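Okay, here's what each chain looks like letter by letter:
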Amino acid sequence: MADLQVVIPGVPPSLNRLTVGRGRVFRSDEWDTWKIDAVRLIREAKRLQKWTPQPGRHLWRIRIMWYRPDRRRRDSDNVVKAIGDALSAALDIDDCNFEYTTYRGWAKDSPRVVVLVGLDESQWRVEVFRQYTGGR
């Protein structure tokens, strides 16, 4: 199966701006808007590329190429979390089965996140995954 390829323009908003109050987490409007747009783009790419995830439990390889607009410090964990949440919602795949690899670069005129989704077929990872999931 070929990898799903998605380009999401801009930089995901920071999750550090989420506020907690009385046992609830309140997301910013900026975060909600970004996630809605990202889920839409992922679903559109899935449809256009005629990409269908294989049924069953698998370890998914998620490669994230993150092009930032400047050299300002940013927390890359926020990008991974944002992309994982959007992929999980758009593809209906549990994000605990995602294995991430991230790459960073700079693109002043076109900040974006490029995401490739595919099965992780690395034999050692498959064996470890099966060992810890009971062979399922």
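Model, not experiment: these values are computed from the prediction.

A few words now on the environment of arginine 104. Residue placement: arginine 104 occurs in strand 5 (residues 98–106). With 38 residues separating them in the primary sequence, arginine 104 and tryptophan 66 have C-alpha atoms 4.8 Å apart. What arginine 104 contacts, discounting residues up to four positions off in sequence, is Trp66, Arg68 and Ser76.

Along a regular strand, successive side chains alternate from one face of the sheet to the other. For strand 6 (residues 112–119), a buried count of 7 out of 8 residues is recorded, marking the element as mostly surrounded by other parts of the structure. Of the pairings in the sheet, the one linking strand 1 (residues 4–9) to strand 6 comprises 6 bridges and is antiparallel in character. Paired with proline 9 across the bridge in strand 6 is arginine 112. In the sheet, strand 4 (residues 60–68) pairs with strand 6 via 8 bridges, with the strands oriented antiparallel. Within strand 6, the position partnered with tryptophan 60 by the bridge is leucine 119.

Before going further, it helps to examine the confidence of the model for the protein chain. The share of residues in the protein chain with pLDDT of 70 or more is 79%, and the mean pLDDT across the chain is 82. Within the protein chain, the element-level pLDDT minimum falls on helix 3 (residues 123–133), averaging 58, and the maximum on strand 1, averaging 94.

If you look at the biggest cluster of nonpolar residues, it comprises 29 residues, and the most contacted ones within it are Ile42, Ile83, Leu87 and Val117. Counting only elements with at least two residues in this core, the list comes to strand 1, helix 1 (29–48), strand 4, helix 2 (76–91) and strand 6. Of all the elements, helix 2 adds the most residues to this core, at 8 residues. Dropping the residues within four chain positions of it, isoleucine 83 is found in contact with Ile8, Trp34, Ile64, Val113 and Val115.

The rules behind the values
Residues numbered from 1 in each chain as written. Predicted model: local features only at pLDDT ≥ 70, side-chain atom pairs only at ≥ 80, totals over all residues. Heavy atoms only, no water. Helix = DSSP H or I, 4+ residues; strand = E, 2+ residues; numbered from the N terminus. Contact = heavy atoms within 4.5 Å. Buried < 20%, exposed > 50% of the residue type's maximum accessible area, 1.4 Å probe, protein only. Pairing = 2+ DSSP bridges. pLDDT = per-residue confidence, 0-100. Core = buried A, V, L, I, M, F, W, Y, C linked by side-chain atoms within 4.5 Å.

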